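Each chain is listed here by its residues.
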Amino acid sequence: MDAILGEVLGVIAIQTGRIVIWLVSFGKWRGEPLFGDEGRIYGAAGALSFVRDGRRVITDTGLLAVGIAFYVALLAVIIAVVATA
């Protein structure tokens, strides 16, 4: 059950990262497909992003990092708002 919950939270963080990257780059960058091997084929080992056909592609690991950073920043903002209230 813990493994399933971890996978679900990982997918949620990756999808959040995909949305954040799309919003921040105004649609110029894109995320790797959810179950794609594009990062393994075109990117260096351990890369968070790579360029393919002139367009920046963020790997699953990069999307996960951005998604987690978003939720950490959101938590910090919530704590700051509650602390000042």
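Residues numbered from 1 in each chain as written. Predicted model: local features only at pLDDT ≥ 70, side-chain atom pairs only at ≥ 80, totals over all residues. Heavy atoms only, no water.

Novice: Before we go on, may I ask you to explain the confidence of the model for the chain in this structure?
Specialist: Looking at the chain, the pLDDT average stands at 89 and 100% of residues meet or exceed 70. Per-element averaging of pLDDT across the chain places helix α2 (residues 38-42) at the bottom with 78 and helix α3 (residues 60-84) at the top with 94. (pLDDT = per-residue confidence, 0-100. Helix = DSSP H or I, 4+ residues; strand = E, 2+ residues; numbered from the N terminus.)

Novice: I would appreciate a short explanation of the packing of helix α1 (residues 2-24) against α3 in the present structure.
Specialist: Pairs of packed helices are described in terms of their axes, by the angle between the two and the distance that separates them. Relative orientation of the contacting elements α1 and α3 amounts to 90°, with a least axis distance of 7 Å. Between α1 and α3, the crossing angle belongs to the class labelled roughly perpendicular. When α1 is examined against α3, the residues G10, I12, A13, I14, T16, G17, R18, V20 and I21 are found in contact with a partner set consisting of D60, L63, L64, V66, G67, I68, F70 and Y71. (Axes fitted to C-alpha atoms, helices over the stretch in contact; angles between N-to-C directions. Parallel < 35°, antiparallel > 145°, perpendicular 65-115°, else oblique. Contact = heavy atoms within 4.5 Å.)

Novice: Can you walk me through the environment of P33 in this structure?
Specialist: Summarising the element assignment, P33 is placed in the loop between β1 (30-31) and α2. Of the residues examined, P33 reaches a relative accessible area of 42% and is grouped as partly exposed. Spatially, the C-alpha atom of P33 lies 20 Å from that of F70, the residues being 37 residues apart in sequence. Residue contacts for P33: discarding those within four places in its chain leaves R18, E38 and D60. (Buried < 20%, exposed > 50% of the residue type's maximum accessible area, 1.4 Å probe, protein only.)

Novice: Explanation requested: the sheet that holds strand β3 (residues 55-58) in the structure shown.
Specialist: Strand pairs in the sheet, formed through backbone hydrogen bonds, run parallel or antiparallel to each other. With mixed pairing, three strands are arranged side by side in an open sheet as β1-β3-β2. Both edges of this open sheet fall to β1 and β2 (49-52), since each of them pairs with a single strand only. Relative to β3, β2 runs antiparallel, the two sharing four bridges. Across the sheet, residue V51 finds its bridge partner in β3, namely R56. (Pairing = 2+ DSSP bridges.)

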